[in-house]
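# Chains, contacts and geometry: an overview
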Amino acid sequence: MVFSSNIFLFLFLPAFLGLYYLTPFRHRSWVILLGSYAFYAWWRVDFLLLFVAVTAWNYVIGLGIHRAGIGTARARKWVGVGVAGDLATLGYFKYANFGVDSLNEIFLSMGYQPLELAHIILPIGISFYIFQAISYVVDVYRGDTEPTRRFVDFAAFIALFPQLIAGPVLRYKDLADQFTYRTHTLDKFGEGAIRFMQGFVKKVFIADSIAPLADGAFALADPTTADAWLGILAYTAQLYFDFSGYSDMAIGLGLMIGFRFPENFNQPYISQSITEFWRRWHISLSSWLRDYLYIPLGGNRNGTIGTYRNLILTMLLGGLWHGANWTFLLWGAWHGGVLAVERALGLDTSGRTFQVGRWAMTFLFVMLGWVTFRASTIGDAFSFYQAMFSFDGFSLSAVYLQDIRGLNLAVLALAYLVVLVMGLRERLPWQLNPSLVGGLRAALPTLLVPTFLLAVLKLSAESFSPFLYFQF
């Protein structure tokens with residue numbers, strides 16, 4: 001089940017909210033848990049068993065760490081076993097096919113018979129809930145959070161359906177108090193409903209309308225330079241509005257049931273360095289990689305070479321987390337390499353002052369990275385790069401043009417206008433008139449509701465609207 005579907009909007013969500021608010025607070029974790037399991041099982045019931053097993057495993061590991069005592073040798077064994085089990089689960093389901101296929105390419109090139117392995121289906125959302133489980137056991141080991149005594153609270157945290165499929169990547173220590181006590185008010189519910197509608201419009205009205213431009217360009221066998229640049233500009237906008245739209249919907253749904261999740265995006269396309277970009281893009285993942293991978297590897301504590309190694313290794317693994325493909329490794333290497341260069345040059349990455357040249361260069365680097373992120377193979381990625389920089393065709397090809405509609409181009413222009421306006425709002429050295437800001441906020445629901453209804457009609461006409469990050 002996905003948020004951008006009629007079954008969710010008109011059946012699951014009303015039924016869940018009705019049952020949730022009719023249930024006394026002390027039992028609402030059960031409503032969240034059972035509702036989230038129903039939400040997940042809508043895809044495949046059999047993988048719900050794996051989900052439950054991962055939850056139970058990490059709950060037991062957390063209790064074992066706590067009983068062993070923080071910092072003890074036994075506690076280290078508990079956390080080692082726990083994290084190893086989580087990574088083994090993720091490795092098998094997400095990377096076994098990739099590993100065997102890569103080995104088979106080597107074996108075939110050497111004249112050997114390929115290995116046989118039945119195709120393994122990737123459980124939806126496994127990358128997200130495994131990372132949340134790892135953060136829980138590590139935080140218990142570090143003493144950053146007490147292990148929950150109520151299994152239902154921990155299980156509800158792991159299964160929390162608003163963010164279950166595509167984040168944000170939550171940490172139990174940030175929500176532990178909210179499971180004990182959280183407020184439910186009309187203002188909070190209204191704030192969540194508005195945030196949900198904003199995300200829905202981002203996804204269905206903007207991202208889905210841009211998608212044909214990106215898909216068409218990357219499907220071309222021989223794109224012109226104009227085809228390639230329009231395609232990557234479209235994908236750059238599509239990915240942002242698709243994923244930030246999901247995050248907005250997740251945060252909004254959380255508010256509707258009393259939870260306040262951390263923000264996951266902060267105008268990433270106004271960044272003036274890749275370092276700043278990663279402080280603004282998929283914030284929950286970048287902070288997870290910093291706290292549970294980069295710092296444990298040594299961070300910047302092992303000298304210059306060690307720092308560069310840790311940066312690149314962290315981004316390589318971050319790329320691999322996104323998908324079992326060499327393209328994601330290349331994408332991670334690209335970002336890790338640029339991060340290392342920025343550190344080596346001693347660039348000011350605070351972003352306190354705005355420099356158009358640095359912004360343009362950063363935006364170009366981000367787009368170049370998105371090519372490998374979107375391409376099916378490394379060969380396809382380099383063919384696309386060749387088209388971008390061959391400058392042998394400055395008009396759109398007839399094959400590409402036949403699938404382009406004026407609406408697609410208009411929405412793409414609107415998307416970048418939104419990015420520009422929101423970016424200028426943050427970068428402008430002066431503040432807007434408070435009364436003007438208040439008026440805009442008051443008018444938002446009036447403008448948003450009809451736009452949301454139009455997006456619902458568009459969704460109903462198209463019948464299916466998956467999120468890009470579901471594949472990860």
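### Looking at the overall build of the chain
Looking only at helices and strands, the chain has 18 helices and zero strands in total. Against the 2.2 N^0.38 benchmark of 23 Å for 472 residues, the chain shows a C-alpha radius of gyration of 23 Å, consistent with a compact globule. Overall size of the chain, expressed as C-alpha extent along the three principal axes, is 65 × 65 × 45 Å. The 472 residues of the chain split such that 54% are buried. Surface exposure of the chain reaches about 21,400 Å², of which carbon and sulfur atoms provide 66%. A distance of 11 Å separates the average location of the 33 positive side-chain charges in the chain from that of its 29 negative side-chain charges.

### What about the packing of aromatic side chains?
Enumeration according to the criterion identifies 67 aromatic pairs in this entry. Here F12 and F16 contribute two aromatic rings whose centre-to-centre distance is 6.0 Å and whose plane-to-plane angle is 10 degrees, an arrangement assigned as stacked. Here the residue F12 and the residue F16 both occupy positions in helix α1 (residues 6–22), the gap between them amounting to four residues, near one helical turn. Comparing F12 with F16 shows no difference in burial state: the two are buried. Ring geometry for W370 and F373: centres 5.1 Å apart, planes at 70 degrees, overall edge-to-face. In this pair, W370 and F373 both sit in helix α14 (residues 356–374), three residues apart, roughly one turn of the helix. Classification of W370 as buried rests on a relative accessible area of 1%. Sitting over the face of the ring of Y20, R28 holds its NZ or CZ atom 4.8 Å from the ring centroid. When the ring centre of W321 is taken as origin, the NZ or CZ atom of K94, which lies over that ring, is 5.4 Å away.

### Brief notes about a nonpolar patch on the surface
On the surface, L414, L417, V418, L420, V421 and L424 cluster together into a nonpolar patch covering about 470 Å² of accessible area. With respect to the secondary-structure elements, V421 resides in helix α17 (residues 406–427). Taking the relative accessible area as the measure of exposure, V421 reaches 46% and is therefore partly exposed.

Conventions and cut-offs
- Residues numbered from 1 in each chain as written.
- Predicted model: local features only at pLDDT ≥ 70, side-chain atom pairs only at ≥ 80, totals over all residues.
- Heavy atoms only, no water.
- Helix = DSSP H or I, 4+ residues; strand = E, 2+ residues; numbered from the N terminus.
- Rg over C-alpha atoms; globule rule 2.2 N^0.38 Å.
- Buried < 20%, exposed > 50% of the residue type's maximum accessible area, 1.4 Å probe, protein only.
- Areas by Shrake-Rupley, 256 points an atom, 1.4 Å probe, with all protein chains shown as cover.
- Lys, Arg positive; Asp, Glu negative; His and termini not counted.
- Charge placed at Lys NZ, Arg CZ, Asp CG, Glu CD.
- Phe/Tyr/Trp six-rings, centres within 6.5 Å; stacked < 30°, edge-to-face > 60°.
- Lys NZ or Arg CZ within 6 Å of the ring centre and 35° of its normal.
- Patch = residues over 30% accessible without salt bridge, like charges linked within 9 Å, V, L, I, M, F, W, Y side chains within 5 Å.
- Salt bridge = Lys/Arg side-chain N within 4 Å of Asp/Glu carboxyl O.

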